[in-house]
Amino acid sequence: MNDLENGTEPKRELVREEFPAPIGKLLGLTLTSGETGRATVEFEATERHANPMGTLHGGVLCDIADAAMGAAYRSVLGDGESCTTLELKINFLRPVWKAKLRAEAKIVRSGRVVGLVECDILDEQQRLVARASSTCMTLRGQLAEGRQPPPMTRATAK
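Residues numbered from 1 in each chain as written. Predicted model: local features only at pLDDT ≥ 70, side-chain atom pairs only at ≥ 80, totals over all residues. Heavy atoms only, no water.

Caption draft 1: Summary view of unusual backbone geometry. Residues other than glycine seldom take positive phi values, yet Gln126 does so here, at roughly 65°. Mapped onto the elements, Gln126 comes out in the loop between strand 6 (114-122) and strand 7 (128-139). Classification of Gln126 by relative accessible area gives partly exposed; the value is 47%. (Helix = DSSP H or I, 4+ residues; strand = E, 2+ residues; numbered from the N terminus. Buried < 20%, exposed > 50% of the residue type's maximum accessible area, 1.4 Å probe, protein only.)

Here it is in structure tokens:
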């Protein structure tokens with residue numbers, strides 16, 4: 001059992017910021033407050049993000065969930081570590097046209113090499129729009145070279 005699972009990991013809060021990656025900037029994602037093992041990403045869906053049927057494109061929902069799950073997983077990485085997604089699964093549960101969405105991600109299990117993260121995407125009425133899960137892999141040493149994520153702004157550990 002690791003520190004996250006036994007509750008001994010100190011809580012570190014994320015500071016609300018523009019998402020620290022080019023895709024986040026392109027989509028207009030905002031990384032909002034969270035704590036170790038959790039992250040929330042907000043997004044304003046407009047007609048600009050529509051598929052040919054006029055609803056929010058499923059790939060955009062995948063991007064929002066992937067961003068939140070990646071931020072949650074990154075929150076438990078050590079110095080010099082990076083990560084990659086091994087698998088991403090999403091269930092689309094409700095169509096979206098225009099809405100302010102919130103992706104809430106939490107680590108289910110964080111092992112030494114592989115972890116599982118889940119994410120719910122909710123609309124402004126707290127309705128479940130989509131549910132995603134991701135299997136992530138921690139990269140160290142040569143595997144992490146050239147893959148260092150941009151820094152996430154953190155408040156002081158509690």
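Continuing now.
Caption draft 2: Looking closely at the pairing of strand 5 (residues 99-110). Relative to strand 5, strand 3 (residues 38-45) runs antiparallel, the two sharing eight bridges. For Ala39, the partnering residue across the bridge sits in strand 5 and is Ala105. Inspection of the sheet shows strand 5 paired to strand 6 by eight bridges, in the antiparallel sense. Looking at the pairing, Ser110 lines up with Gly115 of strand 6. Counted along the chain from strand 5 to the antiparallel partner strand 6, the turn is three residues long. (Pairing = 2+ DSSP bridges.)

Caption draft 3: Quick look at the confidence of the model for the protein chain. Of the residues in the protein chain, 78% have a pLDDT of 70 or more, and the chain-wide mean is 84. Per-element confidence in the protein chain ranges from a low mean pLDDT of 46 for helix 1 (residues 3-6) to a high of 98 for strand 6. Within the model, pLDDT remains below 50 along residues 5-12, and this stretch shows 20 contacts once partners closer than five positions in the same chain are excluded. Contacts for the low-pLDDT stretch residues 154-158, under 50 throughout, to residues beyond four places or in other chains number 13 contacts. (pLDDT = per-residue confidence, 0-100. Contact = heavy atoms within 4.5 Å.)

Caption draft 4: Here's a closer look at the pairing of strand 7. Where strand 4 (residues 82-92) meets strand 7, ten bridges bridge the pair, whose relative direction is antiparallel. Residue pairing for strand 7: Leu88 is matched across the bridge by Ser134. Sheet analysis places strand 6 next to strand 7, joined by nine bridges and oriented antiparallel. Residue pairing for strand 7: Gly115 is matched across the bridge by Cys136. Between strand 6 and strand 7, which pair antiparallel and follow one another directly, the connecting turn spans five residues, one of which, Gln126, has a positive phi of 65°.

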